[in-house]
Amino acid sequence: MNRDRVEKLIRELLVEFGEDPQREGLAKTPERVAKSWEFLLRGYGADLKQITQQAMFTQDTNNMIVVRDIEVYSLCEHHMLPFFGRCHIGYIPRGKVLGVSKLARIADAFARRLQIQERLTQQIARAVMVSIDAEGAGVVIEARHLCMMMRGVEKQNSLMTTSSVLGSFHSSGATRAEFLALIGKGRYD
Ligand SMILES: [Zn+2]
């Protein structure tokens, strides 16, 4: 991201809003917004291989591993407004496990981009699956979208839930049910 160019564009945007970009409160806004976007969109520069390889451990287990309530903050690609909530990740390893903090970093690498919740959910599940050649993986994200809450009518409390299940989480109803029970979502049937 070219910081100077982004700042210039934001200054132009302020003029379009009918604002005076020179006034005291706004003078440094383009700089702040540019910095903030660099942070919020840093997922584009994330090196997923590096993230996953650093914290991969060999462990002889094929029990399900579940990490609940990973906070995710993202920006919807339709309105560039935040959506945020919780991500639950489960997987069944096949010899290799991921450190807990790495699951959060994987989620972050995909969340810090312009996204839709469905794709974000899928990308995290695939990354977990592929990086450790897991037997199966499942991801559930529950999020609130400011584009609905701030713009829409009477949608203040809507929580969107998306899920992606791969491998044995997809093929086995029992595995999927175990995952959903462990994240406190009960059963499908
Ligand atoms: Zn939106």
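Check the entry above for the structure.
Residues numbered from 1 in each chain as written. Predicted model: local features only at pLDDT ≥ 70, side-chain atom pairs only at ≥ 80, totals over all residues. Heavy atoms only, no water.

A. Structural context of the nonpolar core. With 30 residues, the main nonpolar core has Ile124 and Val128 as its most contacted residues. For this core, the secondary structure elements donating two or more residues are strand S2 (65-76), strand S3 (82-92), strand S4 (96-98), helix H5 (100-111), helix H6 (117-131) and strand S6 (136-145). Dropping the residues within four chain positions of it, Val128 is found in contact with Ile89, Tyr91, Leu98, Leu103, Ile106, Ala134 and Ala137. Core analysis: the second largest hydrophobic core is formed by seven residues, Met64, Val140, Phe169 and Phe179 among them. (Core = buried A, V, L, I, M, F, W, Y, C linked by side-chain atoms within 4.5 Å. Buried < 20%, exposed > 50% of the residue type's maximum accessible area, 1.4 Å probe, protein only. Helix = DSSP H or I, 4+ residues; strand = E, 2+ residues; numbered from the N terminus. Contact = heavy atoms within 4.5 Å.)

B. Seen up close, the pattern of salt bridges. What the rule picks out here adds up to 12 salt bridges. The salt bridge involving Arg11 is made with Glu7; its shortest N-O contact spans 3.8 Å. Separated by four residues within a single helix, Arg11 and Glu7 lie in helix H1 (residues 3-16), roughly one turn from each other. Put simply, Arg42, Asp108 and Arg112 are held in one network by salt bridges that share partners. (Salt bridge = Lys/Arg side-chain N within 4 Å of Asp/Glu carboxyl O.)

C. The coordination of the zinc ion, seen in detail. Looking at the metal site, the zinc ion is ligated by Cys76 (SG), His79 (ND1) and Cys147 (SG), spaced 2.2 to 2.3 Å from it. Of note, the donors binding the zinc ion are all from one chain and are spaced C-x2-H-x67-C. Of the two residues, Cys76 is situated in strand S2 and Cys147 in helix H7 (residues 146-149); the sequence distance between them amounts to 71 residues. In this structure, Cys76 and Cys147 share a single accessibility class: buried. (Donors = N, O, S within 2.8 Å, 3.2 Å for Na, K, Ca; no water.)

D. Structural view of the packing of aromatic side chains. The full count for this structure, using the stated rule, is two aromatic pairs. Judged by centre distance (6.2 Å) and plane angle (15 degrees), the rings of Tyr73 and Phe84 are stacked. Here the residue Tyr73 occupies a position in strand S2, and Phe84 occupies one in strand S3, the gap between them amounting to 11 residues. The ring of Phe39 has Arg42 sitting right over it, with the charged end atom 4.1 Å from the ring centre. (Phe/Tyr/Trp six-rings, centres within 6.5 Å; stacked < 30°, edge-to-face > 60°. Lys NZ or Arg CZ within 6 Å of the ring centre and 35° of its normal.)

E. Broad picture of the sheet that holds strand S5 (residues 114-115). Taken together, the five strands give an open sheet; going across it, the order is S5-S2-S3-S6-S7, and neighbouring strands pair in mixed fashion. In this open sheet, the two strands that pair with only one neighbour each are S5 and strand S7 (160-167). Bridge analysis of S2 against S5 gives two bridges, and the strand direction is parallel. What sits directly across from Leu75, in S5, is Leu114. (Pairing = 2+ DSSP bridges.)

F. Here's a closer look at the packing of H5 against H6. Two numbers describe how H5 lies on H6: the axes approach to 9 Å, and their chain directions differ by 140 degrees. Taken together, the axes of H5 and H6 lie oblique to each other. For the element pair H5 and H6, the recorded crossing hand is right-handed. Judged by residue contacts, Leu103, Ile106, Ala107, Phe110 and Ala111 of H5 engage Leu120, Gln123, Ile124, Ala127 and Val128 from H6. A breakdown of the residues in the contact of H5 with H6 according to their chemical character gives nine nonpolar, one polar and no charged. (Axes fitted to C-alpha atoms, helices over the stretch in contact; angles between N-to-C directions. Parallel < 35°, antiparallel > 145°, perpendicular 65-115°, else oblique. Left-handed = near helix turned anticlockwise from the far one by under 90°. Nonpolar A, V, L, I, M, F, W, Y, C, P; charged D, E, K, R; others polar.)

G. Main features of the side chain of Gln117. Within the secondary structure, Gln117 is located in helix H6. Among the polar contacts listed, one links the side chain of Gln117 to the backbone oxygen of Met160, at a separation of 3.0 Å. (Polar contact = N/O pair within 3.5 Å; in protein donor to acceptor, adjacent residues only side chain to side chain.)

H. Broad picture of the packing of H1 against helix H3 (residues 29-40). Remark: H1 packs on H3, axes separated minimally by 8 Å, with the N-to-C direction vectors making an angle of 125 degrees. One element, H1, and the other, H3, form an angle in the oblique class. Crossing hand, H1 versus H3: right-handed. Contacts from Arg3, Val6, Glu7, Ile10, Arg11 and Leu14 in H1 reach Pro30, Glu31, Val33, Ala34, Lys35, Trp37 and Glu38 in H3. Within the contact of H1 with H3, the residues separate by chemical class into seven nonpolar, no polar and six charged.

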